[in-house]
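As a plain string of letters, each chain reads:
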Amino acid sequence: MGYIEHSASQIAEVLMREGLDYTQTKAVFKLARAKAGLFAPKEKRGSPARLILEEELRFIDQAYACGGQTGLMMQVLLETGTRVSEFTAFRVEDISLAERLVTVTHGKGGKRREIPIRPETARLLALHIGKRRAGPLFISRQSRQDGSAPVYTRQRIGQIVREVAKNAGITKRLYPHLLRHTMATRLLALGMDITDVQKFLGHEDLSSTRIYAETSLAMLKRKFDQVTQPQGQALIRSIAATHGEVVGAFAADLLSGDRRSFT
C-alpha cells in the first residue's frame, strides 16, 4: 500500500469513528489544511472569453430565426446572466412582470437573488406566459413518461447554444457560461458598479467579479481613446439618434477596435 493510500485509510477510520457526514468532512479538511499552512495555488486566469456586440446581435437574431421560444430562451439566458442550472429551474412563479424582475430561488450555495429585466423582455415574457400562473417557464417539446411538464436539461440548453452559434456563423467556442461572461463584461463596460454586478451574478466573492472588470477596463480604454475624439462623439450621437442606442453602442464597439471580427 502506497503512502497516500495508507494515509487515506487512516483518515477514513477517523471520519467513520467520529460519524461525520460529507459536509462536515469538507469543513474538517478545510480547517486542517489551513492549520497546516496548506493553501491552493493561485490560478493564472486570463480574460474570460465573451461575445462582442456584433456577435450578440447575430446570435439572438439566429435564435429567433429558429423559433420564438428558442429566441426568447437565448435572450433571457443572455440578459439575466444566469448559470445554466439557474436558468433551467426558472418557473412562471419566479417572474414578476409588473416589477420587471426574475427571481433565482436556489442559486449557487442555495442563495436567492432577484434580477432586473428590460421592458421589452418583460413584454415578450408576458406573451410567452399567457394565462399560466405556475409551472416551468420554458416547456420542452419532448414528452415525459410520467406525464409531467417536460423541462429543459442543462445539456440540452448547451446543445441549443452551440447550434444557434454555428448557424449564426460564430466561430469561437460558445457555451452557456460564455453568455454569462458576455453580460457581466457588458454591464461593467456600460458603467454598472462592480459590487452591483457581483449581486447581479450572484458571486459570493468580489474577486470572482474582478476578472470581468479587468477586461472591461481594457475595453473602456480603447473606447476612450477613439470615442472621446470630437468626430467620434458626433458620429455616435448621430447614429444613436437615428437608429437607437443599441446600434449606437455597436458603432462605439467598431470605433474602439472591434473591426477584427470582420476580418
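Below you will find a few notes about this structure. All values reported here derive from a predicted model rather than from experimental measurement.

**Here's the deal with the overall build of the protein chain**
(1) Moving on: Secondary structure assignment for the protein chain yields twelve helices and three strands.
(2) Moving on: Among the 263 residues that make up the protein chain, the fraction classed as buried is 39%.
(3) Moving on: Across the protein chain, contacts joining residues at least 24 apart in sequence account for 57% of those joining residues at least 6 apart.
(4) Moving on: As displayed, the protein chain offers around 16400 Å² of accessible surface, 55% of which is attributable to carbon and sulfur atoms.

**Description of the packing of helix H4 (residues 68–80) against helix H6 (residues 119–129)**
A pair of packed helices is characterised by two quantities: the angle between their axes and the separation of those axes.
(1) Moving on: Running from N to C, H4 and H6 cross one another at 140°; their axes reach a closest spacing of 11 Å. On the basis of the axis angle, H4 is oblique to H6. Read as a crossing pair, H4 and H6 show a hand that is left-handed. Note on element contacts: H6 touches H4 through Glu120, Thr121, Leu124, Leu125 and His128, opposite Gln69, Leu72, Gln75, Val76 and Glu79.
(2) Moving on: Its residues placed into classes, the contact of H4 with H6 shows four nonpolar, four polar and two charged.

**Looking at unusual backbone geometry**
(1) Moving on: Phi at Arg100 is positive, roughly 55°, even though this residue is not glycine.
(2) Moving on: Its place among the elements puts Arg100 in the loop between strand E1 (95–96) and strand E2 (101–104).

**Let's talk about the nonpolar core**
(1) Moving on: In this structure, Phe59, Met74, Phe138 and Ile157 are the most contacted members of the largest nonpolar core, which totals 44 residues.
(2) Moving on: Filtering out sequence-adjacent residues up to four positions away, Met74 remains in contact with Phe59, Ile60, Ala63, Ile157, Ile160 and Val161.

**So, the sheet that holds E1**
(1) Moving on: Spatial strand order, E1-E2-E3: three strands in an open sheet with antiparallel pairing. The outermost strands of the open sheet, each flanked by one partner alone, are E1 and strand E3 (113–116).
(2) Moving on: Of the pairings in the sheet, the one linking E1 to E2 comprises two bridges and is antiparallel in character. Among the inter-strand pairings, Ile95 is bridged to a residue of E2, identified as Val102.

**A closer look at the pattern of salt bridges**
(1) Moving on: For the coordinates displayed, the defined rule picks out ten salt bridges.
(2) Moving on: When the shortest N-O distance is used, the salt bridge between Glu55 and Lys172 registers 3.0 Å. With a gap of 117 residues between them, Glu55 in helix H3 (residues 53–66) and Lys172 in the loop between helix H7 (154–167) and helix H8 (176–189) connect regions that are remote in the sequence.
(3) Moving on: In this structure Lys172 comes out as partly exposed when scored by relative accessible area, which is 30%.
(4) Moving on: Arg118 is paired through a salt bridge with Glu120; the nearest N and O atoms lie 3.2 Å apart.
(5) Moving on: Salt bridges linked by common partners bring Glu79, Arg118 and Glu120 together as one network.

**Here we look at the packing of aromatic side chains**
(1) Moving on: Following the criterion strictly, the structure yields two aromatic pairs and no others.
(2) Moving on: Each ring, one from Phe87 and one from Phe90, has its centre 6.2 Å from the other, and the planes form 75°; the classification is edge-to-face.
(3) Moving on: Three or more aromatic residues joined by ring pairs make a cluster, and in this case those are Phe87, Phe90 and Phe138.

**Here we look at the side chain of Thr121**
(1) Moving on: Relative to the helices and strands, Thr121 is located in helix H6.
(2) Moving on: For Thr121, the residues in contact, after removing those within four places along its chain, are Gln75, Val76 and Glu79.

**Considerations on H6**
(1) Moving on: Listing the buried residues of H6 in full gives Thr121, Ala122, Leu125 and Ile129. Considered in projection along H6, the buried side chains sweep an arc of 100° and stay on one side of the axis. Seen from the buried face of H6, the exposed residues on the opposite side, beyond 90 degrees, are Arg123 and Leu127.
(2) Moving on: Looking at the buried positions of H6, the neighbouring elements they touch are H4 and E1.
(3) Moving on: Two residues or fewer past H6, Gly130 is found with a positive phi of approximately 60°.

**Thoughts on H8**
(1) Moving on: In a regular helix each residue adds 1.5 Å, so 14 residues correspond to 20 Å; H8 covers 20 Å between its end C-alpha atoms and thus fits that length.
(2) Moving on: At the C-terminal side of H8, Gly191 shows a positive phi close to 105°.

Procedures and definitions
- Residues numbered from 1 in each chain as written.
- Predicted model: local features only at pLDDT ≥ 70, side-chain atom pairs only at ≥ 80, totals over all residues.
- Heavy atoms only, no water.
- Helix = DSSP H or I, 4+ residues; strand = E, 2+ residues; numbered from the N terminus.
- Buried < 20%, exposed > 50% of the residue type's maximum accessible area, 1.4 Å probe, protein only.
- Contact = heavy atoms within 4.5 Å.
- Areas by Shrake-Rupley, 256 points an atom, 1.4 Å probe, with all protein chains shown as cover.
- Axes fitted to C-alpha atoms, helices over the stretch in contact; angles between N-to-C directions.
- Parallel < 35°, antiparallel > 145°, perpendicular 65-115°, else oblique.
- Left-handed = near helix turned anticlockwise from the far one by under 90°.
- Nonpolar A, V, L, I, M, F, W, Y, C, P; charged D, E, K, R; others polar.
- Core = buried A, V, L, I, M, F, W, Y, C linked by side-chain atoms within 4.5 Å.
- Pairing = 2+ DSSP bridges.
- Salt bridge = Lys/Arg side-chain N within 4 Å of Asp/Glu carboxyl O.
- Phe/Tyr/Trp six-rings, centres within 6.5 Å; stacked < 30°, edge-to-face > 60°.
- Arc of directions from axis to C-beta.
- Expected span 1.5 Å × (residues − 1).

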